Amino acid sequence: MNRTLTLVSALGAGLLTVAGMAQTTTPTTQPAAPAAVAPHAEPAKIALIEYEQVAAATNEGQRAIQEIQSKYAPKKTQIDSESAEVDSLKKQLQSAPATLSDEDRASKLRTIDTKEKQLQRDAQDATQAYNADLQDALGKVAQKLGPTVVKYVQENGYTLLLDLSGQQAQGGVSVMWATPGTDISQAIIEAYNASSGVAAPAPSAPTPAAHHSTTTHPATTKK
């Protein structure tokens, strides 16, 4: 998926508390005020999430994916038929007798070339349309997911939330190791499913050829 679904990069920040400054006394006979206490940082509690994958892995996200796959099923059938025709024409040419004239051979090659280019155009157009619809549908789920994420991190005392979606593709720093429980992706999926009231969709047919990238069918991985 395009990276436009990366909606949450950091939802919190480390909190700094500053100790109160001791008030100085005005009479000259009073002892001098104690030195100011230096600010100190509270221990950060960091959570990790794969936001794009979470949006797609929710019941609502999975249902949206299935609906779009059904919408493009006829287009997939058409593209499969065009592909089979091109393959058949290529096999016919390969098995053509040696007595086939140069003119007939050139004619068959032109036909193959024309149909192959049409196949490429149709497949590219279908892929772009499919991805656009999928991005739009999952983007809506991602927007609705935000309040659930914020509520969860606040209730569980997290001070920093990092979104790991596409971190390597964007040149971000990869998380090599994290303590168990740091990745809240599965917890957010379960919390959102419970609050949305959307039931898990029934298993769908195989994904169409014009399909989305790796985030179409995410498997949220525990860090």
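Preceding this section is the structure that the text describes.
If you're wondering where the values come from, they're calculated on a predicted model, not measured in any experiment. (Residues numbered from 1 in each chain as written. Predicted model: local features only at pLDDT ≥ 70, side-chain atom pairs only at ≥ 80, totals over all residues. Heavy atoms only, no water.)

A few words now on the side chain of Ser165. Mapped onto the secondary structure, Ser165 falls in the loop between strand S4 (160-163) and helix H5 (185-196). Taking the relative accessible area as the measure of exposure, Ser165 reaches 1% and is therefore buried. Looking at Ser165, its side chain comes within polar contact range of the main-chain nitrogen of Tyr51, at 2.9 Å. At a separation of 2.9 Å, a polar atom in the side chain of Ser165 contacts the side chain of Asp163. (Helix = DSSP H or I, 4+ residues; strand = E, 2+ residues; numbered from the N terminus. Buried < 20%, exposed > 50% of the residue type's maximum accessible area, 1.4 Å probe, protein only. Polar contact = N/O pair within 3.5 Å; in protein donor to acceptor, adjacent residues only side chain to side chain.)

In this structure the tally under the stated criterion is seven salt bridges. The residue Asp80 makes a salt bridge to Lys76 at a minimum N-O spacing of 2.7 Å. Placement of both Asp80 and Lys76 in helix H3 (residues 73-94) is noted, with a separation of four residues, approximately one turn of the helix. The salt bridge partner of Asp136 is Lys140, with a shortest N-O separation of 3.5 Å. In this pair, Asp136 and Lys140 are both assigned in helix H4 (residues 102-155), four residues apart and thus about one turn of the helix distant. (Salt bridge = Lys/Arg side-chain N within 4 Å of Asp/Glu carboxyl O.)

It is worth spelling out the packing of aromatic side chains at this point. Applying the stated criterion across every chain yields a total of two aromatic pairs. With a centroid separation of 5.5 Å and 75 degrees between ring planes, the pair formed by Tyr72 and Tyr130 is classed as edge-to-face. Of this pair, Tyr72 sits in the loop between helix H2 (59-71) and H3 while Tyr130 sits in helix H4, and the two are 58 residues apart along the sequence. Residue Tyr72 shares its accessibility class with Tyr130, and that shared class is buried. Pairing Tyr152 with Tyr158 gives two aromatic rings, centres 6.5 Å apart and planes at 20 degrees, and the pair type is stacked. Relative accessible area serves as the criterion here: at 17%, Tyr158 is assigned to the buried category. (Phe/Tyr/Trp six-rings, centres within 6.5 Å; stacked < 30°, edge-to-face > 60°.)

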